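# Secondary and tertiary structure notes
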Amino acid sequence: MCVRFPRLGRLALGLALLVGTLGLGVGPSRAGEEVNVYSTRQAFLIQPLFDAFTERTGIPVNVVFAKEGLIERLRAEGDNSPADLVFTADIGHLTDLVDLDVVQPVSNETLESAIPASFRHPDGKWFGLTLRGRVIYASNERVPPGAVTTYDDLADPRWKGRVCTRRGDHAYQVALLAAMIAEKGEAAARAWLEGVKANLARKPQGNDRAQVKAIKEGQCDLALGNTYYMGKMLEDPEQRAWAEAVTIVFPDQDGAGTHMNLSGVAMTRSAPNRAMAIRLLEFLVSDEAQQMYAEINHEYPIKARVPWSDLLRSWGTFRMDTVDMDAVARHRARALMMVNEVGYNN
Ligand SMILES: [Fe+2]
């Protein structure tokens, strides 16, 4: 069956899609000779990979980029969706794809040997492609080196009024808390969350970068954020000073290791071009693609022994936590409830 993207426009009425119809609907082609992608990841992150894939294989990759609404769109389209693959970031969004039953399992030796088991769905319903650490950003001026080394330090009363975070119900915070529940149990995770709340300098607000800005401006001394934002801030002339006001601390190096999250991909239920889509997935775990994908967004390759970018190397090697992402996914609902029970955002 040949389902073209122009038809999709009518099926997806009412859904606010931002951009993105690179090469869509251009010229006739049969199912099986192209790959159709939905992506919540920005174009600049993944388009270069698709271009490299097309260059090597001759297989065109058509992409719809949208920050919001892609899962709803997949649900609405159901088995008629022209999409083969969906790219998104964070374990929360990958899990939503499974929970809403819009993806199918993939069993593939290349993927399974390249991606550690803890970073892919046990039945192949999603695969991680890049990693990011959730680290502590510490003020260079006001936090002496070595004074903060663990997530627990953020809950220590000696930092009262000196911690900034984004809202507790954001996916990144929920995943960190879910990992703590998985590793230490509910009581310890709750005590930590209450301790961090008691140390907050201000009501949780803003994104990860806004916390670093607040450190630069002296509103707080410690914050939580994803590693790649350091790279993004350094690239931005206005934000460079924020980045330069802080040091990245990789927490829990003598314990469980730094909490990692991921970006990843899943095969849609419909996947009219499944075989070609699998070829694209295999390409994405090649050393070359892994290095490229990770470097563009200052992320860590998910595949072992793929070289890190110079910037990431400059932050140093560190112990990553080994908690299974699927366990993090299972504890998300409980974590979110805990955020509300503790009144973290109030
Ligand atoms: Fe992010």
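Small disclaimer: the values here were computed from a predicted structure and weren't measured. (Residues numbered from 1 in each chain as written. Predicted model: local features only at pLDDT ≥ 70, side-chain atom pairs only at ≥ 80, totals over all residues. Heavy atoms only, no water.)

## Examining the environment of histidine 121
The cut-off we apply is this: Every helix listed is a DSSP run of H or I at least four residues long, and every strand listed is a run of E at least two residues long, numbered separately from the N terminus. We call a residue buried when its accessible area falls under 20% of the maximum for its residue type, exposed when it is over 50%, and partly exposed in between, using a 1.4 Å probe and counting protein chains only. Contacts are assigned to residue pairs with any non-hydrogen atoms lying within 4.5 Å of each other.
Its place among the elements puts histidine 121 in the loop between helix H5 (109–114) and strand S5 (127–139). The class for histidine 121 is buried, based on a relative accessible area of 9%. For histidine 121 and valine 98, which are 23 residues apart along the polypeptide, the C-alpha to C-alpha distance reads 9.3 Å. The residues touching histidine 121, leaving out its near neighbours within four places in the chain, are Val98, Trp126 and Asp326.

## A closer look at the packing of helix H6 (residues 171–184) against helix H7 (residues 186–199)
Short version of the rule: Comment: axis = line fitted to C-alpha atoms, over the contacting stretch for helices; angle = value between 0 and 180 degrees taken between N-to-C directions. Angular relationships are summarised with four words: roughly parallel below 35 degrees, roughly antiparallel beyond 145, roughly perpendicular across 65 to 115, and oblique for the angles in between. Amino acid classes used here: Ala, Val, Leu, Ile, Met, Phe, Trp, Tyr, Cys and Pro are nonpolar; Asp, Glu, Lys and Arg are charged; the rest, including Gly, are polar.
One way to put it is that H6 packs onto H7 with a least axis distance of 7 Å and a crossing angle of 140 degrees. What the angle tells us is that H6 and H7 run oblique. On H7, the residues touching Leu176, Leu177, Met180, Ile181 and Lys184 of H6 are Glu186, Ala188, Ala189, Trp192 and Leu193. Split into classes, the residues belonging to the contact of H6 with H7 amount to eight nonpolar, no polar and two charged.

## Quick look at the state of the cysteines
Quick note on the threshold: Whenever a pair of cysteine sulfur atoms sits within 2.5 Å, that pair is classed as a disulfide.
Throughout the structure, instances matching the rule amount to one disulfide. The disulfide partner of cysteine 164 is cysteine 220, and the S-S distance across this bridge is 2.1 Å. Disulfide cysteine 164-cysteine 220: torsion about the S-S bond near -110 degrees, hence left-handed. Taken together, the residues cysteine 164 in strand S6 (residues 163–164) and cysteine 220 in the loop between helix H8 (208–216) and strand S7 (222–226) connect sequence positions 56 residues apart. The buried category is assigned to cysteine 164, whose relative accessible area is 1%.

## As for the nonpolar core
The criterion, for reference: Side-chain atoms within 4.5 Å are what join buried Ala, Val, Leu, Ile, Met, Phe, Trp, Tyr and Cys residues into a set we call a nonpolar core. In this document the domain limits rely on a domain assignment from an automatic tool or a database.
Counting residues in hydrophobic clusters, the biggest one holds 113 residues, and the most contacted among them are Leu85, Phe87, Tyr137, Trp192 and Leu280. Ranked by the residues each element gives to this core, the list is headed by H6, at nine residues. Domain assignment of the residues forming this core places at least three in each of domain 1 (5–130 + 262–306) and domain 2 (133–259 + 320–342). Not counting the four nearest positions on each side in its chain, tryptophan 192 is found in contact with Tyr151, Asp152, Ala155, Leu176, Leu177, Met180 and Leu224.

## Observations regarding the UniProt feature "binding site: Fe cation" (unreviewed entry) in the protein
Let me state the cut-off plainly: UniProt positions are given in the numbering used here, feature names are shortened, and annotations may be inferred rather than shown by experiment. For this analysis, a polar contact is any N or O atom pair within 3.5 Å, provided that within protein one partner can donate a hydrogen and the other can accept it, and provided that sequence-adjacent residues contribute only side-chain to side-chain pairs.
On the UniProt side, "binding site: Fe cation" (unreviewed entry) is annotated at positions that read Tyr228 and Tyr229 here. For tyrosine 228, the location among the structural elements is in helix H9 (residues 228–235). When its relative accessible area of 3% is taken as the criterion, tyrosine 228 is described as buried. Contacts of tyrosine 228, omitting those with residues within four sequence positions, involve Arg132, Tyr172, Asn297, His298 and Glu299. Checked against the element boundaries, tyrosine 229 lands in helix H9. Owing to a relative accessible area of 13%, tyrosine 229 belongs among the buried residues under this scheme. Those residues within four positions of tyrosine 229 in sequence are excluded, and the remaining contacts are Tyr137, Tyr172, Asp208 and Arg209. At a separation of 3.3 Å, a polar atom in the side chain of tyrosine 229 contacts the side chain of tyrosine 228.

## Examining the coordination of the iron ion
Rules: Only nitrogen, oxygen and sulfur atoms within 2.8 Å of the metal, or 3.2 Å for Na, K and Ca, are treated as donors, and water is left out, so sites may look incomplete.
Looking at the iron ion, the protein donor atoms are Tyr172 (OH), Tyr228 (OH) and Tyr229 (OH), and they sit 1.9 to 2.1 Å from it. Binding-site remark: the iron ion is held by donors from one chain whose sequence spacing is Y-x55-Y-Y. Of this pair, tyrosine 172 sits in helix H6 while tyrosine 229 sits in helix H9; the two residues are 57 residues apart in sequence, bridging distant segments of the chain.

## Some points on empty space enclosed by the protein
Defined as follows: Method remark: on a 1 Å grid restricted to protein atoms, a set of points is classed as a cavity if a 1.4 Å probe fits but cannot get out and as a pocket if it is open with protein on both sides within 12 Å along at least five of seven lines; lining residues have an atom within 4 Å of a point. Grid points are joined across faces, edges and corners, and a volume is the space filled by probe spheres set on the points.
Applying the stated criterion to the full structure yields three cavities of 30 Å³ or more. If you add up the space inside the largest cavity, you get close to 70 Å³. In this structure, the largest cavity is lined by Tyr151, Leu176, Ala179, Met180, Glu183, Lys184, Asp252, Ala256, Gly257, His259 and Asp321. Across the lining of the largest cavity, the residue classes break down as five nonpolar, two polar and four charged.

## Side note on the packing of aromatic side chains
Counted only if it meets this: Two aromatic rings from Phe, Tyr or Trp, using only the six-membered ring of Trp, form a pair when their centres are within 6.5 Å; if the ring planes differ by under 30 degrees the pair is stacked, by over 60 it is edge-to-face, and anything between is tilted.
On inspection of all chains with the given rule, the structure shows seven aromatic pairs. Measuring from ring centre to ring centre gives 5.4 Å for phenylalanine 50 and phenylalanine 87, while their planes differ by 70 degrees; the resulting arrangement is edge-to-face. Of this pair, phenylalanine 50 sits in helix H2 (residues 43–57) while phenylalanine 87 sits in strand S3 (residues 85–89), and the two are 37 residues apart along the sequence. No difference in accessibility class separates phenylalanine 50 from phenylalanine 87, as the two residues are buried. On the basis of an interplanar angle of 50 degrees and a centroid distance of 6.2 Å, the ring pair of tryptophan 308 and phenylalanine 318 is categorised as tilted. Here tryptophan 308, found in the loop between strand S10 (300–301) and helix H13 (310–315), pairs with phenylalanine 318, found in the loop between H13 and helix H14 (325–330); they are 10 residues apart in sequence, far enough to count as distant. Note on accessibility: tryptophan 308 and phenylalanine 318 belong to one class, buried. Here the aromatic cluster, defined as three or more aromatic residues joined through ring pairs, consists of Phe250, Tyr300, Trp308 and Phe318.

## Focus: the pairing of strand S1 (residues 35–39)
The line we're drawing: We call two strands paired when DSSP finds no fewer than two bridges between them. Here the term right-handed applies to a crossover when the path leading from its first strand over the helix to its second strand runs clockwise, the strands being oriented away from the viewer.
Of all five residues in S1, five are buried; the element is thus mostly enclosed. Side chains Val35, Val37 and Ser39 project from S1 onto one buried face, and the interleaved Asn36 and Tyr38 project onto a second face that is buried too. Two strands pair when backbone bridges link them, and S1 and strand S2 (residues 61–65) are joined in this way by five bridges, in the parallel orientation. Bridge pairing in S2 places serine 39 opposite phenylalanine 65. Handedness of the crossover joining S1 and S2 through H2: right-handed. Relative to S3, S1 is paired through three bridges, and the arrangement is parallel. Among the inter-strand pairings, serine 39 is bridged to a residue of S3, identified as phenylalanine 87.

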